[in-house]
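Structure assessment
Next come the chains, spelled out residue by residue.
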Amino acid sequence: AGSNNALASALLGLLARDRIDESTWDDVEETLITSDLGVGPTTELMGNLRRELSIDGVQDPAVARAKLRAELIKLVDPTLDRGLRITGADGQPGVVMVVGVNGTGKTTTIGKIARLLVAEGRTLVLGAADTFRAAAADQLATWGSRVGVQTVRGPEGGDPASVAFDAVAQGVAQGVDVVLVDTAGRLHTKTGLMDELGKIKRVIEKKAPVTEVLLVIDATTGQNGLIQARIFSDVVAVTGIVLTKLDGSAKGGIVVQVQRELGVPVKLIGLGEGADDLAPFTAEGFVDGLLGA
Amino acid sequence: MFDTLQDRLTATFRNLRGKGRLSESDVNEALREIRLALLEADVNLSVVKEFIAACREKLTGAEISQALNPTQQIVKVVNEELIGILGGQTREVRFAKNPPTVIMLAGLQGSGKTTLAGKLGKWLKDSKHHPLLVAADLQRPNAVNQLQVVGQRAGVAVFAPEPGNGIGDPVAVARASIEEAKRKLYDVVIVDTAGRLGVDAELMQQAIDIRNAVNPDEVLFVVDAMIGQDAVNTAQAFAQGVGFDGVVLSKLDGDARGGAALSIARVTGKPVMFASNGENLKDFDLFHPDRMASRILDMGDLLTLIEQAEKT
Ligand SMILES: Nc1nc2c(ncn2[C@@H]2O[C@H](COP(=O)(O)OP(=O)(O)OP(=O)(O)O)[C@@H](O)[C@H]2O)c(=O)[nH]1
Ligand SMILES: Nc1nc2c(ncn2[C@@H]2O[C@H](COP(=O)(O)OP(=O)(O)OP(=O)(O)O)[C@@H](O)[C@H]2O)c(=O)[nH]1
Ligand SMILES: [Mg+2]
Ligand SMILES: [Mg+2]
């Protein structure tokens, strides 16, 4: 909660002083940077805020704070459609592919989404297309069995694309509503693994269109998150972002740049390791987290 | 827009040749670029500030050496300062006088602990040790199976008396592993623990209890090289909670600049000992502060030039 407290106290500083001087501006700017917002967006935000406040000749610190919040919310864009695309066309299942670098929370997020969809009365199949990491399929199958959902898996070290295809084929044959496909974590710099990911998607689409590609980003991620997002998006056309581990001290500010550059909304947030620790992303909630409200 | 720090600095000092000393404004201009580069490399802001202040002191009024141009001179000082904080030279694992040596792994969720357990196990086995991996993450779904598979791949024994997935007491497992090692003459015990957040007091206490149960020779804090500004909060929380003796930076095979290494070394004073750079068991190396420094600055080429210039 360190950066959070720092920002909160910087904002309190902003409120306490009757004049907004340079060091107050510096404090606010620096504490935005410590939320991983990035130097670029922070500078832009500060510029807008300064301009607005000087035009209005603001003296009231409460107004200044409200403006900062409003600027941030504008940056995060509350108008984006953040619904999950889980409805397939022509009676086919919706197909959701979950991708990202290693250890961000892909498998856990699938477990959580499965729980949510089952609670809504939908039928589903999970596809364990991580055939590489030790016990990855077991981990997904554990999540599946907790909510009474079948997990399609292949041999360890087998071809992930064919497991994904089998899972979707099963889903189609059983007439389920949604197929959730887990993939192995991979660094965006590994061309071979990224090609494999592209192939997984192409092979799935021989059976049914992928309706949603979720990129999972860990809230602790720094500026590398933007590069990750670019490359994953190039390879599998990401349609939504999941920001995990927001229950920790990291604020996940990097998703602001990611969302802006890709034009793809953050849809869900992860708030813990349990099945229910998933929530819809809201611009207001995210910004209030950033501001320590 | 200039892409790299190197380009930006070179542009800054286009007109500086022939001066005898670096003026305050020369230094300020350069340090502004370096500050930005460090922030973009995810070095924590408070660390950046301290670091820049230290560099300013070293650079202000410094004589411009004949061999180096001003850019090279500034980079040389900054680089040396970076390496200094990163620990100068590599520290090796301390083995216990009376085996077993106990190594405990701790860190955030998904940072690479279990994978590291396998890598350490293989590395130790290859250097004629007889390690035992201990499955003390009984929380994350199939963490125990994962360690078993990793152990199998490494050809190293795994102590996993409890099935996990919420069943079993990790502190008891950790304690029992020491007896097991003594009984079966394993000389190194590597305890894999569940991922936990710095802000989770309950799980941090569990880590402390595990530590107290096994009295480790080394507690290693495993951290993802992609981590951003939060590195400092998290490292401090682990340092003050379970405590650690060394740091392992994982996922260095990506293109993250890894500024966290600097942040953590600076605020905890603990050395980075290992670099984990891949998913396979062999993707593991001792940590090299000089390589890390040039990675953070993203100026390997320039550093090579400096070395050459100084040799002649
Ligand atoms: N605190 C917290 N932990 C999480 C969250 N989401 C996932 N985790 C934990 O993060 C770790 C990694 O999660 P996984 O779901 O295995 O991540 P993954 O992306 O599938 O990992 P790989 O398949 O190895 O790339 C596990 O310990 C999870 O319990 C979250 O929102 N909050
Ligand atoms: N590319 C790369 N991946 C790594 C490295 N180390 C670990 N991983 C991957 O990162 C993911 C998480 O690794 P784990 O070893 O399960 O991490 P952990 O800290 O044990 O995770 P939890 O037990 O869930 O907290 C897996 O997909 C690993 O294969 C590394 O150095 N490079
Ligand atoms: Mg996974
Ligand atoms: Mg683990």
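Quick caveat: nothing in here was measured; it's all calculated off a predicted structure.

Turning next to the overall build of chain B. A count of helical and extended segments in chain B gives twelve helices and eight strands. Overall, chain B is about 70 × 40 × 35 Å in size when its C-alpha atoms are taken along their principal axes. By the burial criterion, 58% of the 312 residues in chain B qualify as buried. Of all intrachain contacts in chain B linking residues separated by at least 6 positions in sequence, the fraction that spans at least 24 positions is 78%. When the accessible surface of chain B is totalled, it reaches about 12,800 Å², and 46% of it is carbon and sulfur. Of note, chain B has its 35 positive side-chain charges centred 2 Å away from the centre of its 40 negative side-chain charges.

This part takes up the nonpolar core. Of all hydrophobic cores here, the largest spans 102 residues; its most connected members are Leu38(B), Leu120(B), Ile190(B) and Leu249(B). Setting aside residues no more than four positions away along its own chain, Leu38(B) makes contact with Val43(B), Val48(B), Phe51(B), Ile52(B), Ile296(B) and Leu297(B). Listed in part, the 64 residues of the second largest apolar core include Ala64(A), Ile73(A), Leu197(A) and Leu215(A).

With that settled, consider the side chain of Thr239(A). All names here are of chain A. Secondary-structure assignment places threonine 239 in the loop between α9 (224-236) and β6 (240-244). On the accessibility criterion, threonine 239 (15% relative accessible area) is buried. Within the local environment of threonine 239, its side chain forms a polar contact with the backbone nitrogen of valine 213, the two atoms lying 2.8 Å apart. Each residue touching threonine 239, except ones within four places of it in the same chain, is listed here: Arg85, Thr211, Glu212, Val213, Val264, Pro265 and Lys267.

All names here are of chain A. In space, the eight strands of this open sheet follow the order β3-β2-β4-β1-β5-β6-β7-β8, with mixed pairing throughout. The open sheet terminates on both sides in strands that have one partner only, identified here as β3 (150-152) and β8 (278-280). Within the sheet, the average angular offset between the axes of one strand and its neighbour, ignoring direction, is 25°. The pairing of strand β2 (residues 124-129) with β3 spans three bridges and is parallel. Bridge pairing in β3 places valine 125 opposite glutamine 150. Of the strands in this sheet, β2, β3 and β4 (178-183) touch helix α6 (residues 136-146), which is tilted by about 170° from β2. Running at roughly 175° to β6, helix α10 (residues 254-262) makes contact with β5 (212-218), β6 and β7 (266-270) of the sheet.

Turning our eyes to something else, we now look at the site of ligand 1. In the vicinity of ligand 1 lie 22 residues, with Gly105(A), Lys106(A), Thr107(A), Thr108(A) and Glu273(A) positioned nearest. At ligand 1, the nearby residues belong to more than one chain, namely chains A and B. Within the backbone of Gly272(A), an N or O atom sits 3.2 Å from an oxygen atom of ligand 1. Protein chains bury 96% of the 650 Å² of accessible surface belonging to ligand 1 in isolation. Residue contributions to the shell around ligand 1 peak at four residues, all from helix α5 (residues 106-119) of chain A. Residue classes in the shell around ligand 1 are distributed as two nonpolar, twelve polar and eight charged.

Before going further, it helps to spend a moment on the pairing of β7(A). Burial within β7(A) is extensive, with five of its five residues counted as buried. Each parallel crossover has a hand, and the one from β6(A) via α10(A) to β7(A) is right-handed.

All names here are of chain A. Packing of helix α2 (residues 22-33) against helix α3 (residues 39-56) brings their axes to within 9 Å, and their N-to-C directions diverge by 145°. Crossing of α2 against α3: the hand is right-handed. Taking contact as the criterion, the partners of Glu22, Trp25, Val28, Glu29, Leu32 and Ile33 in α2 are, on α3, Val39, Thr42, Thr43, Leu45, Met46, Leu49, Arg50 and Leu53. Of the residues contributing to the contact of α2 with α3, the split by class is nine nonpolar, two polar and three charged.

A separate point is empty space enclosed by the protein. The final tally for this structure, using the stated rule, is three cavities of 30 Å³ or more. Reported here for the largest cavity is a volume of approximately 150 Å³. Contributing to the lining of the largest cavity are 21 residues, with Asp218(A), Thr220(A), Gln109(B), Asp224(B) and Lys251(B) lying nearest its centre. Taken together, the residues that form the lining of the largest cavity break down as seven nonpolar, ten polar and four charged. Put simply, the second largest cavity is a space of about 60 Å³. Forming the walls of the second largest cavity are Ile33(A), Asp36(A), Gly38(A), Val39(A), Gln223(A), Leu39(B), Glu40(B), Asp42(B) and Gln229(B). Of the residues belonging to the lining of the second largest cavity, the class tally is three nonpolar, three polar and three charged.

Taken together, the 39 residues of chain B in the interface contact 40 residues of chain A. Taking both sides of the interface into account, the surface hidden between chain B and chain A amounts to around 3,300 Å²; carbon and sulfur atoms contribute 54%. Of all residues in chain B, Met226(B), Asp255(B) and Glu279(B) give up the largest surface area on contact with chain A, accounting jointly for 18% of the area buried on that side. Our count for the contact surface shared by chain B and chain A stands at two salt bridges.

Turning our attention to the site of ligand 2. In the region of ligand 2, 23 residues are neighbours, and Gly112(B), Lys113(B), Thr114(B), Thr115(B) and Glu279(B) sit closest. The local environment of ligand 2 is shared, drawing residues from chains A and B. A distance of 3.4 Å separates an oxygen atom of ligand 2 from a polar atom in the backbone of Gly195(B). Protein chains shield 96% of the accessible area of ligand 2, which is 650 Å² for the free molecule. Examining the composition of the shell around ligand 2, we find that four residues originate from one element, helix α5 (residues 113-126) of chain B, more than from any other. Tallied by class, residues from the shell around ligand 2 come to two nonpolar, 13 polar and eight charged.

Turning our attention to the pattern of salt bridges. Residue and element names in this part refer to chain B. Applying the stated criterion to the full structure yields 26 salt bridges over all chains. The partner of glutamate 50 in a salt bridge is arginine 266, and the shortest N-O contact between them spans 2.5 Å. Here the residue glutamate 50 occupies a position in helix α3 (residues 45-59), and arginine 266 occupies one in helix α10 (residues 260-268), the gap between them amounting to 216 residues. Linking glutamate 218 and arginine 91 is a salt bridge whose minimum nitrogen-to-oxygen distance equals 2.9 Å.

Conventions used here
Residues numbered from 1 in each chain as written. Chains lettered and ligands numbered in written order. Predicted model: local features only at pLDDT ≥ 70, side-chain atom pairs only at ≥ 80, totals over all residues. Heavy atoms only, no water. Helix = DSSP H or I, 4+ residues; strand = E, 2+ residues; numbered from the N terminus. Buried < 20%, exposed > 50% of the residue type's maximum accessible area, 1.4 Å probe, protein only. Contact = heavy atoms within 4.5 Å. Areas by Shrake-Rupley, 256 points an atom, 1.4 Å probe, with all protein chains shown as cover. Lys, Arg positive; Asp, Glu negative; His and termini not counted. Charge placed at Lys NZ, Arg CZ, Asp CG, Glu CD. Core = buried A, V, L, I, M, F, W, Y, C linked by side-chain atoms within 4.5 Å. Polar contact = N/O pair within 3.5 Å; in protein donor to acceptor, adjacent residues only side chain to side chain. Pairing = 2+ DSSP bridges. Axes fitted to C-alpha atoms, helices over the stretch in contact; angles between N-to-C directions. Near = heavy atom within 4 Å. Nonpolar A, V, L, I, M, F, W, Y, C, P; charged D, E, K, R; others polar. Right-handed = clockwise from strand over helix to strand, strands pointing away. Left-handed = near helix turned anticlockwise from the far one by under 90°. 1 Å grid on protein atoms, 1.4 Å probe; cavity = no way out; pocket = protein on both sides within 12 Å on 5 of 7 lines; lining within 4 Å. Points joined across faces, edges and corners; volume = space filled by probe spheres on them. Buried area = accessible area lost by both parts, 1.4 Å probe. Salt bridge = Lys/Arg side-chain N within 4 Å of Asp/Glu carboxyl O.

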